[in-house]
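# Summary of structural features
Listed below are the residues making up each chain.
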Amino acid sequence: MSKKVYCSLLVVSLSLAVPSCWGQGSKEVIVDHGVAMKTRDGVILRADIYRPAGEGRFPVLLQRTPYDKTGGDAFGKRAVERGFMTVIQDVRGRYTSEGEWYTFKHEADDGYDTVEWAAALPHSNGKVGMFGGSYVGATQMLAAISHPPHLAGICPVVTASNYHENWTYQGGAFEQWFNQSWTSGLAQDTLNREIRQDTNAKVASSVLPLASYPLFNMEPPLDPASMTKRFAPYYLDWLAHPEYDAYWKQWAIEEQYASIQVPVLTVAAWYDIFQGGSLKNFIGLKAHAGNETARKQQRLLITIGGHAGGGRHIGSVDFGAPADEFDELGATLDWYDYLFLGKQNAFATEKPVKIFVMGKNEWRYEDTWPLERAKETPYFLHSSGKANSSSGDGTLQADAAKAEKQDSYVYDPLNPVPTVGGPLCCDPTHLPAGPRDQREVETRSDVLVYSTPPLDQDVEVTGQITLDLYASSSAVDTDFTAKLVDVGPDGFAQNLTEGILRACYRRSTNAAELIEPGKVYEYKIDLWSTSNVFFKGHRIRLEISSSNFPRFDRNLNTGKPASTSQSVLKATNAILHDSEHPSALLLPIVPK
C-alpha cells in the first residue's frame, strides 16, 4: 500500500509504508512500517510510525536508534495508549536506513531533519519530543544542539556530555572494554549490510570444484586489523585522537549547552558507564541552557544500574522492592504527559531531582544536584608503609598524617588488576557489570587498601567523590586508579564507584605531559558520584592501584600508547601520606 508523507522545509519523502493494526488497551494502534524520509543530502532514512486509529492530531515522540527500530515496538504501542504518536527511526547507515554509518557524525543534521519531518506528518500536532538511552541519548543531545523549531523536549537516558572524556576515554585512559565490545556489536550490522549487498550466486557459478564455491562475493579481509579498518574505521580514529582535540570538540555537548533550548529529563544511574556525563548534563543545562524556560525545566532522575542492569537485582546485590519501581518507559511517558499534555503528575508537583539512595534502598526527592547540604569531608590515608592488600595496615582517618612511611607496589602491565564489576558495557556474558564482591581483588599486593574502623553510626555519602593523591613513579608515565567500597560485617566488599587518571594527563586531557621518575605529583582523581548509606558496623574502604583491566587499557609505563606499542615496563609506584603530602579521600557527607 503506497502512502504519501508530506514534509516541510528541506525534507521531502515518498515511502512505501506497510501498515498494520493492533488492539492496544482501549485504543487501536496503526503501525506504518518502513516509512521513508530524505535528508538534506539525499539519504533515505526509514522509520516505523505508531499512532491512534482514526482522526486527530497528537504530539510525536521520536527515537533515532542505531540498534534496529523494531526494538521500539513495545514503547510505540504503549505511547499510543497515552495519546501520543511514536516514530522509531534507524539512523543513517544502520539496518533499514541508507547511507554510511559513522558514530556521531550525522546525528545533528539528520536529527534536525527528522524532527521537522516528524512534526509535519499527518496526525502530528507539530510538537516533537525525543527519548531513549545510551547512543540514542546522543542522537537527542546532538539534535537539540541544532535546535530544530518543532523540538519541544528531550529525555536522554544514561548518556554522556562529551564523547572523548566519559565516553571513549576517562581520565586519559582508553575505555577499552566498552569501546571494543560496543564496536564489535555495531560492526555486525555493517558486515551484514555488505554481505546482503554482495551476495550473488551467479558471480561464482563457474567456480570449480563446486566444493570451492564462495558463499559471499565480498573481498575477504587480509587480517584482523584490515577488518577493523573496513567495518569500524571510527574505532581507529578514536585511538588516533587520545587527546581532547578538534575531532572531539565538534561533537562536545558540554561546550554547547547554550544551544539547547528545550526542557530535559536527564536519567542517570549510579553504576552506569556514562554516569559522570549524565550528571554534568543536568548541572550544565540547569545553569547554561539557551533560555530561562529550558533552564527552569531541567529534571534529574538517578536510578541504580543503567547499562549495568535493571530491576532490584543488579550485579550481586538485591536493592529491594523500591528498585523495581523504576520503569524507564513509564518515566518517559510521565515526562511527556507533564510536558506535552499538561498532566499534574510528579514532574509538576515534586522537587526536580529524584535519586535512589543505596544502602537504605529508597527513593528521595531533592531540590537540586549536587545536594547543597552535603559537606565535603576528608578521610586521610594512613599506614606504616604496609597498606598492600586487605591484610595490610592501611586506614582512613579524620586527622591528617604527620610523619608516615609511603606505601609502594609494583605495577606490571602484563599482570594487571582485573576488572570485577563496576560501570561496564556491552557484554555482560563475558564481563559482568555492577556491584560485585571485591575481596579477591583486594588480596593482591599491587592493590593498596585503606579502611575506616567499623562505623559507630550510619553515614550517608551522596555526591561527587574525589581522591586527592600524592604519588610518585619509577616510570615516565603510569596510571592511578581508585575505588570506593562499602564493606559489610560479613566481609562482602561492594564497589560503589571508581575512577582513573593517566599521569601524563594529570593537568589536562588536551595535551600529554610525561612525569619525572621519582618526583612526587599531586593527582586529583574523579571517582564520579554515588548515594549510599554506610550502615553502623560497616567500613568505608578505598582501593588504590594502577590498573583496572580490561575496563581501561593498560598503561605500558613507557610513555608510548598501547594503540601503537607493545613494549612494557614494570613501574614501582608510591603513595605518600604525611604532613607535606596529605593524601585524602574527599566524601560528600549528608548530615542527619
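Only a predicted model underlies this, so the values are computations on that prediction, with no experimental measurement involved. Every residue gets a number counted from 1 within its own chain, in the order that chain's sequence is written. pLDDT decides what is reported in this predicted model: residues at 70 or higher carry local features, side-chain atom pairs at 80 or more are listed and counted, and totals for whole chains, interfaces and linings draw on all residues regardless. The basis for every side-chain value is the complete set of non-hydrogen atoms in the structure, without hydrogens or water.

## A closer look at the pattern of salt bridges
The criterion, for reference: The working definition used for a salt bridge is a side-chain nitrogen of Lys or Arg within 4 Å of a carboxyl oxygen of Asp or Glu. A run of DSSP states H or I qualifies as a helix once it reaches four residues; a run of E qualifies as a strand once it reaches two. Both are numbered from the N-terminal end.
Per the stated rule, a full pass over the model turns up 30 salt bridges. In this structure, Arg439 and Asp437 form a salt bridge, with 2.6 Å as the shortest nitrogen-oxygen distance. A salt bridge links Arg502 to Asp553; the nearest nitrogen and oxygen atoms lie 2.9 Å apart. With a gap of 51 residues between them, Arg502 in strand β24 (residues 493–502) and Asp553 in the loop between β26 (539–545) and β27 (571–576) connect regions that are remote in the sequence.

## Describing the packing of aromatic side chains
As a reminder, the rule being used: Ring pairs shown here join Phe, Tyr and Trp side chains whose ring centres sit within 6.5 Å, with only the six-membered ring taken for Trp; geometry is labelled stacked below 30 degrees between planes, edge-to-face above 60, and tilted in between. Here the term buried applies to any residue with accessible area under 20% of the maximum for its type, exposed to any over 50%, and partly exposed to those in between, with areas from a 1.4 Å probe on protein chains only. Charge over a ring is defined by NZ of Lys or CZ of Arg lying within 6 Å of the ring centre and within 35 degrees of the ring normal.
The final tally for this structure, using the stated rule, is 33 aromatic pairs. Pairing Phe178 with Trp182 gives two aromatic rings, centres 5.3 Å apart and planes at 15°, and the pair type is stacked. Here the residue Phe178 and the residue Trp182 both occupy positions in helix α4 (residues 176–197), the gap between them amounting to four residues, near one helical turn. The residues Phe178 and Trp182 share a single accessibility class, namely buried. When the ring of Tyr521 is compared with that of Tyr523, the centres are 6.3 Å apart and the planes differ by 55°; the resulting orientation is tilted. Classification of Tyr521 by relative accessible area gives buried; the value is 11%. Judged by its relative accessible area of 1%, Tyr523 falls in the buried class. Over the aromatic face of Tyr102 sits the side chain of Lys105, whose NZ or CZ is 5.7 Å from the ring centroid. The ring of Trp363 has Lys354 lying over it, and the distance from NZ or CZ to the ring centre is 5.0 Å.

## Details of the nonpolar core
This is how the line gets drawn: Throughout this description, the term nonpolar core refers to a set of buried Ala, Val, Leu, Ile, Met, Phe, Trp, Tyr and Cys residues connected via side-chain atoms within 4.5 Å. Whether two residues touch is decided by their heavy atoms; if any such pair falls within 4.5 Å, the residues are in contact.
Counting 87 residues, the largest nonpolar core has Trp369, Leu467, Leu469, Tyr523 and Ile575 as its most contacted members. No other element matches helix α10 (residues 328–341), which puts seven residues into this core. Apart from the residues within four sequence positions on either side, Leu467 is in contact with Leu381, Ala482, Tyr523, Lys524, Ile525, Leu527, Leu542, Ile544, Ala584 and Leu585. In this structure, Met141, Tyr169, Ala232 and Phe274 belong to the second largest nonpolar core, which totals 60 residues.

## A short note on the state of the cysteines
Just so we agree on the cut-off: Our working definition of a disulfide is a cysteine sulfur pair at a distance within 2.5 Å.
Under the counting rule described, the total for this entry stands at one disulfide. Sulfur-sulfur distance for the disulfide between Cys425 and Cys426 comes to 2.0 Å. An S-S torsion of about 90° defines the bridge between Cys425 and Cys426 as right-handed. For Cys426, a relative accessible area of 31% puts it in the partly exposed group. Note on Cys155: no disulfide assigned, nearest cysteine sulfur contributed by Cys425 at a separation of 18 Å. By relative accessible area, Cys155 is classed as buried at 0%.

## Brief notes about the environment of Gly311
Mapped onto the secondary structure, Gly311 falls in the loop between β13 (298–303) and β14 (313–314). Relative accessible area serves as the criterion here: at 32%, Gly311 is assigned to the partly exposed category. Residues in contact with Gly311, not counting those within four places in the same chain, are Ala323 and Asp324.

## Some remarks on the pairing of strand β21 (residues 448–451)
The following threshold applies: A pair of strands is treated as paired once DSSP finds two or more bridges between them.
Both faces of β21 are covered, namely the face carrying Leu448 and Tyr450 and the face carrying Val449 and Ser451. When β21 meets β26, the two strands line up antiparallel, connected through four bridges. Bridge pairing in β26 links Ser451 to Arg541.

## Examining the packing of helix α5 (residues 224–231) against helix α6 (residues 233–240)
Packed helix pairs are specified by the crossing angle of their axes together with the interaxial distance, meaning the distance between the axes. Formally: What counts as an axis is a line fitted to C-alpha atoms, over the stretch in contact for a helix, and the angles between N-to-C directions run from 0 to 180 degrees. Note on terminology: angles under 35 degrees are roughly parallel, angles over 145 are roughly antiparallel, angles of 65 to 115 are roughly perpendicular, and the others are oblique. Under this grouping Gly is polar, as are all residues other than the nonpolar Ala, Val, Leu, Ile, Met, Phe, Trp, Tyr, Cys and Pro and the charged Asp, Glu, Lys and Arg.
Packing of α5 against α6 brings their axes to within 5 Å, and their N-to-C directions diverge by 100°. Relative to α6, the element α5 lies roughly perpendicular. Facing Thr228, Lys229, Arg230 and Phe231 of α5, the residues of α6 in contact are Pro233, Tyr234, Tyr235 and Leu236. Among the residues forming the contact of α5 with α6, the class breakdown is five nonpolar, one polar and two charged.

## Remarks on unusual backbone geometry
Residue Pro370 is reached from Trp369 by a cis peptide bond, and omega for that bond is -5°. Checked against the element boundaries, Pro370 lands in the loop between β17 (362–366) and β18 (375–382). At Trp528, a position not held by glycine, the phi torsion is positive, near 65°. Along the chain, Trp528 falls in strand β25 (residues 521–534).

## What about the pairing of β18?
Both faces of the sheet carry side chains from a regular strand, because those side chains alternate between them. Sheet topology places β18 next to strand β28 (residues 584–590); six bridges connect them, and they run antiparallel. Bridging from a neighbouring strand, Phe380 pairs with Ala584 of β28. With three bridges connecting them, β18 and strand β19 (residues 395–397) associate as antiparallel partners. Pairing of Phe380 across the sheet is with Gln397, part of β19.

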